[in-house]
Structures are given as C-alpha cells and as structure tokens.
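# Descriptive structure summary
Listed here are the chains, written in short residue letters.
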Amino acid sequence: MSEAPSDPRPSRELVGLLLNFRDAGRSFRCIQSLLANGLEHVLVWDNSEDDGQSSKALLALLCEERRVSVASEGGNLGFAAGVNRGLDWIRERFPNARVLLINNDAELVLEGAQKLVSALETVQSAVIAYPQISHGGRVIGTGFYQRRLGLIAFDRRRHTDVWIPHASGCCQLLDPRRLQGPWFDEHFFMYGEDVELGARLGEAGMAFVREALVIHEGSASSGLGSHFYETRMVLAHLLLVSRLARSSYERLLCYGGRLLTLPLRAIVRSIRYRSMVPLRALGEGLSLALQAIRKQG
C-alpha cells in the first residue's frame, strides 16, 4: 500500500496576542484558554508602564512556560499601537503565522480557534475572522456603527451605506498575508480602532463565525463608566468622523450629529451610574479631539 502524499502547503502556526495592563491574573487565565485551544505560542505585549512589575508578576505565574513570551517598549502605547507592535514582533519570529488577538479579560471557548482558522481558509477574501462574544450575559456578533450619528447596534442587518459593519477588537483572527497596511489605526489610543478597521476592510474582508465563542468580562483595564473610559469613548466618536466621512459636507453632518448624540449619551450615562463623570468627560474628550485634529492638520 502506497503512502498518502504529504500536504505540500507549508504549515501555518497560530500565535496568540494579548495586551496586559497591570493585570497579571486576568492575562494568565486568558493565556491558559489560548494554550488549551492548541495555539503554538502566545505573545503578551505589556503596556503597564510600571517598571516591569506586571511583567515580572505574569512571568512568575507562567513558571517558565516556553510557549509564552512577554514583550514591551516600557510605556503605555495604547491598544492600537500595542497591537501593531505585537504583530511586528510575531511577524519577525513567526513569519508564516496567523495571529489571534484577544483581550486579556476574555477567554476563548474550546475549539474556537480551530473554527476561526477554518473560516479564514474557507473565505478567501477575509482578512480577519471573528467570533460571538458573551459580554455581561449578552451574546453579540457583528457590530454596526452609524456613521453620521455615532450610534452602535449589534447583529441586525443594517443599510451599510450609513451603518458600518465591524468586528469587536475583543477577539479577531488575522491572516497577516492578506493585510494591507497596519492592523489598527494608531490615531486611536483605545476604542474606535475596530470600527475604522471594519470600514477599511469592508464586509468581504471579515468572516463572522457564529460557532466560535469568547467569554468577555469587559473593560477590566479601563473601567466601565470610569473617567478614562468615558473620555476615550468621546474622543473615539469624534476621531471616527475624519476616518468615515466621505466628503467635507458629510464631515459637517457627522460633527453636527455628534453634537446631538454625545451630550445625550453623557446625560443618560450620568443618570445610569449616578455620577457626574460622563458629563465631565464630555468636555475633556472634546478637548482631546480638538488637539488630535490640529495635529493631523
């Protein structure tokens, strides 16, 4: 009996990527879920900016696990830039790998990685594949961002000329060979970068895998309702105008729409959390946005 011919295609490693911000415990649990899914290696990009204390704590938990590396540039680069630097690190050491990005406060359910890989192999136009996310008891899939008002909806089919489909940055599987340009736009420090990516890739560039699931705690690093979270969300909504508006006229419409929706959002969230933080963050987010717009020219 003759042997079956070997597969001529080179093997594609699967490497995990997560960002750590002063939370070794959550990062460790996330790493365990990735290794249980059969990933060959995991890179932790440390944004902690604490003189290496978080990295040391994580390495102590890992007990010299050879399948995990920790890297950093010493400062907090933000989410978008941290992901891009992590991707550069992986490309240099695993040039043939697919990369699974996941938040450190999330865990990938068993066999999820294989389902995402299968989707990328099946949908040749897809640059990324993404799972369902269980977030606070609610399971969500594709997000839709309303370009002119900055509204967000999930899962329902929307008119894509106004509603932009996108995958949450919480978990995405990337094929770097199919990516033109950076993974995320580094004008976004945190939040908004996943919407910009969705607009850049278009529906054909993203494969939604309903059978894969991630359990996500949500905003563990930034703190849902915190001053940082509220400020950066306002900034993200305003920065998205310059990335999504298709003309000078539409840019004015988008800014006008946000002058309506962002104050309403701040009022509703201040009532919900019984806190003035969202209202105070509105002004600071606007100030940060004006500074960013001036820098961009």
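Note: the structure precedes this text.
About the cut-offs
- Residues numbered from 1 in each chain as written.
- Predicted model: local features only at pLDDT ≥ 70, side-chain atom pairs only at ≥ 80, totals over all residues.
- Heavy atoms only, no water.
- Helix = DSSP H or I, 4+ residues; strand = E, 2+ residues; numbered from the N terminus.
- Pairing = 2+ DSSP bridges.
- Axes fitted to C-alpha atoms, helices over the stretch in contact; angles between N-to-C directions.
- Core = buried A, V, L, I, M, F, W, Y, C linked by side-chain atoms within 4.5 Å.
- Buried < 20%, exposed > 50% of the residue type's maximum accessible area, 1.4 Å probe, protein only.
- Contact = heavy atoms within 4.5 Å.
- Patch = residues over 30% accessible without salt bridge, like charges linked within 9 Å, V, L, I, M, F, W, Y side chains within 5 Å.
- Areas by Shrake-Rupley, 256 points an atom, 1.4 Å probe, with all protein chains shown as cover.
- Salt bridge = Lys/Arg side-chain N within 4 Å of Asp/Glu carboxyl O.
- Expected span 1.5 Å × (residues − 1).
- Phe/Tyr/Trp six-rings, centres within 6.5 Å; stacked < 30°, edge-to-face > 60°.
- Parallel < 35°, antiparallel > 145°, perpendicular 65-115°, else oblique.
- Left-handed = near helix turned anticlockwise from the far one by under 90°.
- Nonpolar A, V, L, I, M, F, W, Y, C, P; charged D, E, K, R; others polar.

## Digging into unusual backbone geometry
Excluding glycine, residues mostly carry a negative phi; peptide bonds, for their part, are mostly trans. Its identity as a non-glycine residue notwithstanding, D51 has a phi of 60°, on the positive side. Phi is positive for Y191, close to 80°, though the residue is something other than glycine. Inspection of the secondary structure assignment puts Y191 in the loop between β11 (171-174) and α5 (193-201).

## Thoughts on the sheet that holds strand β10 (residues 163-166)
Backbone hydrogen bonds hold the strands of a sheet together, and the pairing may be parallel or antiparallel. Strand order in this open sheet of three strands is β9-β8-β10, and the pairing throughout is antiparallel. Single-partner strands in this sheet number two, and they are β9 (152-154) and β10. On average, adjacent strands in this sheet sit at an angle of 30° to one another, irrespective of strand direction. Two elements, strand β8 (residues 143-146) and β10, share four bridges in a ladder whose sense is antiparallel. Opposite Y145, over in β10, you have I164 as the bridge partner.

## Describing the nonpolar core
Membership of the largest hydrophobic core comes to 33 residues, with the highest contact counts inside it found for I31, L100 and I102. Not counting chain neighbours up to four residues away, the residues in contact with I31 comprise L18, V42, V44, L58, L62 and V68. One finds A71, Y130, L174 and F184 within the second-largest nonpolar core, a separate group that totals 26 residues.

## Some details on a nonpolar patch on the surface
Taken together, the side chains of L260, L264, I267, I271, M276 and L279 define a hydrophobic patch exposed on the protein surface, amounting to about 580 Å² of accessible area. The greatest single-element share of the nonpolar patch, amounting to four residues, is contributed by helix α7 (residues 248-273). With respect to the secondary-structure elements, L279 resides in helix α8 (residues 277-296).

## Structural notes on the pairing of strand β4 (residues 98-102)
Within β4, five of the five residues are buried, leaving the element largely enclosed by the surrounding structure. In terms of strand pairing, strand β1 (residues 14-20) meets β4 through four bridges, oriented parallel. Bridge pairing in β4 places V15 opposite V99. Relative to β11, β4 is paired through four bridges, and the arrangement is antiparallel. Opposite L101, over in β11, you have Q172 as the bridge partner.

## Points about helix α1 (residues 24-36)
With 13 residues, α1 should cover 18 Å at 1.5 Å per step; its first-to-last C-alpha distance of 18 Å lies within 8% of that length. Buried within α1 we find A24, S27, C30, I31, S33, L34 and L35. In this structure, the buried residues of α1 make contact with β1, β2 (41-46), α2 (53-62), β3 (68-71), β4 and β5 (106-108). Backbone geometry just after α1 places G38 at a positive phi near 90°.

## Structural notes on the packing of aromatic side chains
Evaluation of the coordinates by the stated rule reveals five aromatic pairs. Ring centres of F79 and F184 lie 5.6 Å apart, and the angle between their planes is 40°; this geometry places the pair in the tilted category. Here F184 lies in the loop between β11 and α5 and F79 lies in helix α3 (residues 79-93), a separation of 105 residues in the sequence. An identical accessibility class is assigned to F79 and F184; each is buried. Relative to F208, the ring of Y130 has its centre 5.2 Å away and its plane inclined at 25°; by these criteria the two rings are stacked. Remark: F208 occurs in strand β12 (residues 206-216) and Y130 occurs in strand β6 (residues 128-135); sequence separation between them is 78 residues. In this structure Y130 comes out as buried when scored by relative accessible area, which is 4%. Following the ring pairs from residue to residue traces out a cluster consisting of F79, W183 and F184.

## Brief notes about the packing of α5 against helix α6 (residues 227-244)
Running from N to C, α5 and α6 cross one another at 15°; their axes reach a closest spacing of 10 Å. Viewed along their axes, α5 and α6 adopt a mutual orientation that is roughly parallel. In terms of crossing hand, the pair formed by α5 and α6 is right-handed. Contact with α5, carried on its side by V195, E196 and A199, involves L240, R243 and L244 of α6 and no other residues of that element. In the contact of α5 with α6, the residues fall into four nonpolar, no polar and two charged.

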